[in-house]
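# Descriptive structure summary
Residue-level listing of the chains:
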Amino acid sequence: MNNLFLTTRGVVYLLLCIILSFHSCKIVSSQSLLPQQELDSAIFLIRQYGASAPQNQSLCQTSFFACNDEYGDGLSHITHVMFNIINLYNYNYVGDPDPNMKSLYLPRLISLRIEPNTFVVTNYSLNILDLIQDLNTPTTITISNDPSVVSVPPNFSFPLVVDFALSRCPNLTTLPPTFLNNSQSLFLLFINTPIQSMTIDHTYYLPKLASFVFELNGTDDGSHFINITSNSFPKLTTAHCTGKIDSAPGQCNLNIGYPYLLSSLSVAGPLSTVTPFPITSSQYPVLETISPKIKNTSPHPFSNHSLNLGYNNLVSIPSISLSLKQLILDGNQFTTFDANMISGHPGLDSLNVANNLDFTGPITDIYCAHVLNVAGTSVSSLPDCYWCYKNVTNFPFNYITTSLPYPPGKVCNVLINNSSNIVTNNGQYVLTGQNIGWGSSKSNYTLTKGVPNKILNANFINPPLVPTNVTLDMSTYSGAPITQITLVEGGITIGQLNLLPSNTSYAAMLTFNATFNTYFEHTVMVDNQECAALSYDSIEKRFECKIATLTSGNHNVSMSNDYYFTAKFFQFDAPYPKIYSISPLPAQVGETIEIKGYWPIVSSLLWNVFLYQQDHASVPSCSLFSVATNIIYCQLMTALGNETIEVVVTDTIYSGSFMITPEYICQQSTSNCHGNGLCNTTGQCVCNSNAFYNDCSKPYPIISSGSYNVNNTKLVSLYGDFGPFGQSNLSIKINNTLDCAVVNATSQWLITCLLEQTPNYGLSSVQLQLDSLNTSAKNILNLRRPGNGGSTTTTTTSGGSTDTPQQQCEKQTSNCYGHGVCDVNGICQCDQDYNPDDECFTKFINTTITQNTTSPTVSFDIDGIDFQFEVASIQELDFDSNIVKELFISNYTWIVNASTNNITTIVDYQLNTTLSSSSSPSSDINSILFQSVSVLSTISFSTQSRDIQFGDQQLHINPNSIKLAVNVTNWQYSSNLATLRVVFRTVIINNQTIQYDCNEKEIDAISYDSLSSLQYLRVIKDDIQFNGRFIDVALSDGRPTYSQTQLISLTQSSSSNEQSIALIGINLPQCQSCILDPDFSPLLIDKSNDGGCDSKSNTWRIIVGVVVGVVGAVAITAAAIITMKKTQARIRMNNQMKMKLQAMN
């Protein structure tokens, strides 16, 4: 077995031992027993191989078996069988194995190692391979020294085996052609038996085999043919195959179909062959180790690291590769070597020419670069380089192996060139000379070989800063040669550079730290020129170099002395001029373009604008007529269109350039394809999907609203954008179940379809497929029940009650709290100025409303008690309600315009999306897209009640109420499934109650309608109630559509434990014009009819009800902020509200 196999097998064996030690720690409990069939199999092995182990359940406690009871079946199972040298195992007769055993039952076996020390088994007729062939779980199988193995069963294969070894089985002489074929996990295969003939052809398949070792025993007429193809062995890198090496004939014929993957190859046997042959670096490019012991070997210039050509009857070798590290030529018939081949290969570490009896050399100084073995040769003398280091003992092998005696009185002369002036570079120095050895190491220096005896790489620890004599030991053994040198440090290290350019001139200051020896004189230069002014801080070890003029580009700072030079590169980007953008594009001759950038010196006489084509040819430029610090305006004399043009702004010393390409023009003119694609190099938009047109600005198909025909609810109208390409291959479903047959699809904006059956009341979603594109609109249709449009509240009767609705109303509302009467339907008919939405509990009050001059925030202030409701953001949501992009209102300012007619005050707000409140311009694509979004808001209020038509509903607005209208247009959507949501922010009270007739009445801050849409917001502060109402209708592109209002989040206020911050979202379909229209009212509780139970004031006030009418087609984000100036202690916290939020979401 060669060294290669020993190494590979050794690693596998070591890993196996580690695994075994790990599993051996898993001692089974005394209550977990082996199944009887498994115990019988273990007893068979004990008796067959004569192991001194108990033949009962306690065998798991021995070193022959490892067991585990963690398989979940309540039983113990054998995982490892170890009949090997680790157990100091010798055969002893312990009983006869069961002769009727046909198969071993070991269902959890991982490793099987049968390696008796002697070639003895109890029953020679029981072949262990027959008994294990049905095992499916082993990963390691080793069978050695087993005389019972006389044959291998057909189809002998294991699905999980990684390592398989069959060694020294004296009675096994043949292997079946299917031996281990299709073993999917096999990694290492070792066969060392007297196999007389073996063939592996193209039908073999071992997909993970990396290494095989075949040591076979060919007979006079036997041979072994092994085809190594990429189909059979796609992962194989190591191949070792030997027939008989002695004088008897033996053949191991390797046909290597993919030699470019082999890294190690070993073939032996006088009649063995390798194909392809000869073995050259072009045929075997990654081969590192080779040992061809083949008759008539003709060596070639191998590129391997190790080449073993021993005992091949060679008399010469033409050449060797420069990458070769080890050359073994022992046992051949060499008499001498070509001196040029030896001297030209300083990288050859080891040369073995032992046992070449007639080899005389001569061995001269040219051999001194190699570890040499000349034992058993006729070499008569050696140069001093070997005798001086003959006694080295700490090397893996001797530098010289020879039978010659050590010359008496030998004096070793070590010569180091320039030894009196060794100037190191940060401790490093390359020593050159003669007889300087292979390297050495001391506490203050390390010498490592470059070219042995000629070049040593020295590393000195803390070399002296003034010339100092130092003695070097050239090896580590006692009495090794020594020499003396004069040493001083002269290296230079430049640290981090810091460049401080001037913003108003061409000068710059360069500072850097440096490590150097002041014993030597040094020079500092920038681009081979001395600094205009140079200073050095010896404490900080920092240089300051003033540079008079520095242009844009790459530069270097260097520092040198008489021995060493070091440089460090840096890049200087002139602080001006800078060009950030050019617009508008494209632009024609005579048009004015705006060049944004930075140029601190404002002078139209100093700056020039030049235009260049791609070939750097100058074209008519741009006539400059206005210069500011950040903007230049000039009139074009060359059109900027489809041609690539370089724009250069220069003052003749500093220049800034900007490349205008068709791609950049596309990016400018389409806002980067409206965020839904990329501009290509030809200036065309390439959209993210086929569901866009018009430079990716228009997604399609989209459904912005839908309705049922009033006279025929089976007839459905869908409004939206269905693309400019015609409506072909159109199909429509309602709720993914009902087919809606297309009636009319000739318009890009309207499709009508007919259902087969009458739809159900309530919300419905629409799924539409058009031109192989799909879209879906959630809850876009709403079929209301007849008479379900009002908001009047009715009382309900509890189960088992015989009271009429009128009686129930009187009991539950204390007869409309004394401010109205219950009618026969159980509905409160309120007195004038009382609120029917809460059964006449609150009263409309007069208050003075002051308009907000900065933002459309709904705000009331009544006797120091205030309420606020503000827009927070506008969100785009994907189909799964994830936020795609979000416009935060606080990042922008509002343009305000107010008007009044002495009855109604109207304040218009326009969000200035073109100017962010951020101090620096943003290049974020969403910020650019938001510039085209229009957000309009109108707040109106009046001392008189009003009736306002909104979509298909008429809204009654109470006196002194605030109506808020919001209109979002031109939103750029990211897909045809995207929708909008407007988010509002406000502050609510966690637990709010009032008392009436000694009964405590809880007022929910948020209530929902029958479709789970947020309908009312109520906030109570002292005796004032603010009511907000949200209707479920919005205007989408001018048409009414369903709009759900939801509570997005509820967060405990950091300023008060009694308050929470609520984010309320109003959902809208995908629309280009989206409008919503809420209103808010303050209310007072009149307790004049309260019987009371104490002396509390009868003039307490009830929380104002804020009714917010919301148009569902508008996606607007609003938040209502309530600032509490008076607080009232409450007992319960906000847990109840959070539970409701979770239930709703």
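Residues numbered from 1 in each chain as written. Predicted model: local features only at pLDDT ≥ 70, side-chain atom pairs only at ≥ 80, totals over all residues. Heavy atoms only, no water.

As recorded by an unreviewed UniProt entry, the protein carries the name ComC supersandwich domain-containing protein and is attributed to Cavenderia fasciculata.

### Description of the environment of Phe-625
Using the following cut-off: Counting from the N terminus, the helices are DSSP H or I runs at least four residues long and the strands are E runs at least two residues long. Whether a residue is buried, partly exposed or exposed follows from its accessible area with a 1.4 Å probe, protein chains only, as a fraction of its type maximum: under 20%, in between, or over 50%, in that order. Two residues form a contact once any of their heavy atoms are found within 4.5 Å.
With respect to the helices, strands and loops of the structure, Phe-625 is situated in strand 40 (residues 622-627). Residue classification places Phe-625 among the exposed residues on the basis of a relative accessible area of 51%. In contact with Phe-625, not counting residues within four places along its chain, are Thr-592, Tyr-633, Cys-634 and Gln-635.

### Topic: the sheet that holds strand 27 (residues 482-489)
Cut-off, in case you're wondering: By the convention used here, strands pair only if DSSP detects at least 2 bridges between them. Under this scheme, a helix contributes an axis fitted over its contacting stretch, all axes are lines through C-alpha atoms, and angles between N-to-C directions fall in the 0 to 180 degree range.
Spatially, the three strands line up as an open sheet ordered 21-27-26, and their pairing is mixed. On the outer flanks of this sheet lie strand 21 (422-424) and strand 26 (468-473), each paired with one strand and no other. Adjacent strand axes in the sheet meet at a mean angle of 45° when their direction is disregarded. Here strand 26 runs beside strand 27; their pairing, made up of six bridges, is antiparallel. Considered in strand 27, the bridge of Val-470 is made with Ile-485.

### Observations concerning the pattern of salt bridges
Between side chains of opposite charge, pairing is possible as soon as their charged atoms come close. Note the cut-off: Just to be clear on terms, a salt bridge is a Lys or Arg side-chain nitrogen sitting within 4 Å of an Asp or Glu carboxyl oxygen.
This model, assessed by the stated rule, comprises twelve salt bridges. Where Arg-113 meets Glu-115, a salt bridge forms, and the shortest distance between an N and an O atom there is 3.1 Å. In this pair, the class of Arg-113 matches that of Glu-115, namely buried. A salt bridge links Lys-963 to Asp-1077; the shortest N-O distance between them is 3.1 Å. Pair noted here: Lys-963 is in strand 66 (residues 962-969) and Asp-1077 is in the loop between strand 77 (1073-1076) and strand 78 (1079-1085), with a separation of 114 residues, a long-range link. Accessibility classification places Lys-963 together with Asp-1077 in one group, the buried group.

### Things to note about the state of the cysteines
What we call a disulfide is simply a covalent bond connecting the sulfur atoms of a pair of cysteines. Cut-off, in case you're wondering: In what follows, a disulfide is any cysteine sulfur pair within 2.5 Å.
Applying the stated criterion to the full structure yields 13 disulfides. The disulfide that involves Cys-740 links it to Cys-753, with 2.0 Å between the sulfurs. Across the S-S bond linking Cys-740 and Cys-753, the dihedral sits near 90°, which makes this disulfide right-handed. Pair noted here: Cys-740 is in strand 51 (residues 738-744) and Cys-753 is in strand 52 (residues 750-755), with a separation of 13 residues, a long-range link. The two residues Cys-740 and Cys-753 agree in class, both being buried. Covalently, Cys-809 is tied to Cys-822 through a disulfide, its sulfur atoms 2.0 Å apart.

### Description of the sheet that holds strand 41 (residues 631-636)
With respect to topology, four strands assemble into an open sheet ordered 36-37-41-40, the strand pairing being antiparallel. Each of the sheet's edge strands pairs with one partner strand only, and the pair in question is strand 36 (578-583) and strand 40. Going across the sheet, the axis of each strand differs from the next one's by a mean of 30°, ignoring polarity. Summarising the sheet, strand 40 and strand 41 pair through five bridges and their orientation is antiparallel. Residue pairing for strand 41: Leu-624 is matched across the bridge by Cys-634.

### A word on the nonpolar core
We count it as follows: Here the nonpolar core consists of buried residues drawn from Ala, Val, Leu, Ile, Met, Phe, Trp, Tyr and Cys, with membership extended through side-chain atoms lying within 4.5 Å.
With 131 residues, the main nonpolar core has Phe-83, Phe-164, Phe-212, Leu-265 and Phe-337 as its most contacted residues. Ranked by residues supplied to this core, first place goes to helix 2 (residues 36-48) with six residues. For Phe-212, the contacting residues outside a window of four places in its chain are Leu-189, Ile-226, Ile-228, Leu-236, Thr-238, Ala-239, His-240, Cys-241 and Leu-254. Listed in part, the 53 residues of the second largest apolar core include Tyr-892, Leu-911, Leu-964 and Ile-1066.

### Some remarks on helix 2
Note the following rule: A helix is expected to span 1.5 Å multiplied by its residue count minus one.
Counted at 1.5 Å a residue, the expected span for helix 2 with its 13 residues is 18 Å, and the 18 Å between its end C-alpha atoms agrees. Contacts made by the buried residues of helix 2 are with strand 1 (65-68), strand 2 (77-83) and helix 3 (128-132). Two residues or fewer after helix 2 comes Gly-50, characterised by a positive phi angle close to 60°.

### A few points about the pairing of strand 75 (residues 1045-1052)
As defined by bridge partners, strand 75 adjoins strand 76 (residues 1059-1068) across seven bridges and the pair is classed as antiparallel. Bridge pairing links Leu-1050 to Ala-1062 in strand 76. Hairpin connection between strand 75 and strand 76: a loop of six residues separates the two successive antiparallel strands.

### Thoughts on the environment of Phe-520
Inspection of the secondary structure assignment puts Phe-520 in the loop between strand 29 (508-515) and strand 30 (523-526). Along the sequence, Phe-520 and Ser-560 sit 40 residues apart, while their C-alpha atoms lie 9.5 Å from each other. Excluding its chain neighbours within four sequence positions, the residues that come into contact with Phe-520 are Val-423, Val-488, Glu-489, Gly-490, Asn-561 and Tyr-563.

### Examining the environment of Ser-942
The condition that has to hold: Throughout this description, a polar contact denotes any pair of N or O atoms lying within 3.5 Å of each other; where both atoms belong to protein, one of them has to be capable of donating a hydrogen while the other can accept it, and for residues adjacent in sequence the pair is counted only when both atoms sit in side chains.
Assignment of secondary structure puts Ser-942 in strand 63 (residues 934-942). In this structure Ser-942 comes out as buried when scored by relative accessible area, which is 4%. Remark: the alpha-carbon pair of Ser-942 and Thr-900, spanning 42 residues in sequence, is separated by 9.7 Å. Setting aside its immediate chain neighbours within four residues, Ser-942 contacts Ile-903, Thr-904, Pro-959, Asn-960 and Ser-961. Looking at Ser-942, its side chain comes within polar contact range of the main-chain nitrogen of Gln-944, at 3.1 Å.

### Some remarks on the packing of aromatic side chains
This is how it is decided: We call Phe, Tyr and Trp rings a pair once their centres come within 6.5 Å, taking the six-membered ring for Trp, and we label the pair stacked below 30 degrees between planes, edge-to-face above 60, and tilted otherwise.
The final tally for this structure, using the stated rule, is 36 aromatic pairs. Consider the rings of Tyr-445 and Phe-460, whose centres lie 6.1 Å apart with planes at 45°: the pair is tilted. You can see Tyr-445 sitting in strand 24 (residues 445-451) and its partner Phe-460 sitting in strand 25 (residues 455-460), a full 15 residues away along the chain. The same class applies to Tyr-445 and to Phe-460, which are both buried. Their ring planes at 70° and their centres at 4.8 Å tell us that Phe-658 and Tyr-664 sit as a pair that is edge-to-face. Taking relative accessible area as the criterion, Phe-658 reaches 14% and is therefore assigned buried. With a relative accessible area of 11%, Tyr-664 lands in the buried category. Three or more aromatic residues joined by ring pairs make a cluster, and in this case those are Phe-867, Phe-869, Phe-984, Phe-1026, Phe-1030 and Phe-1080.

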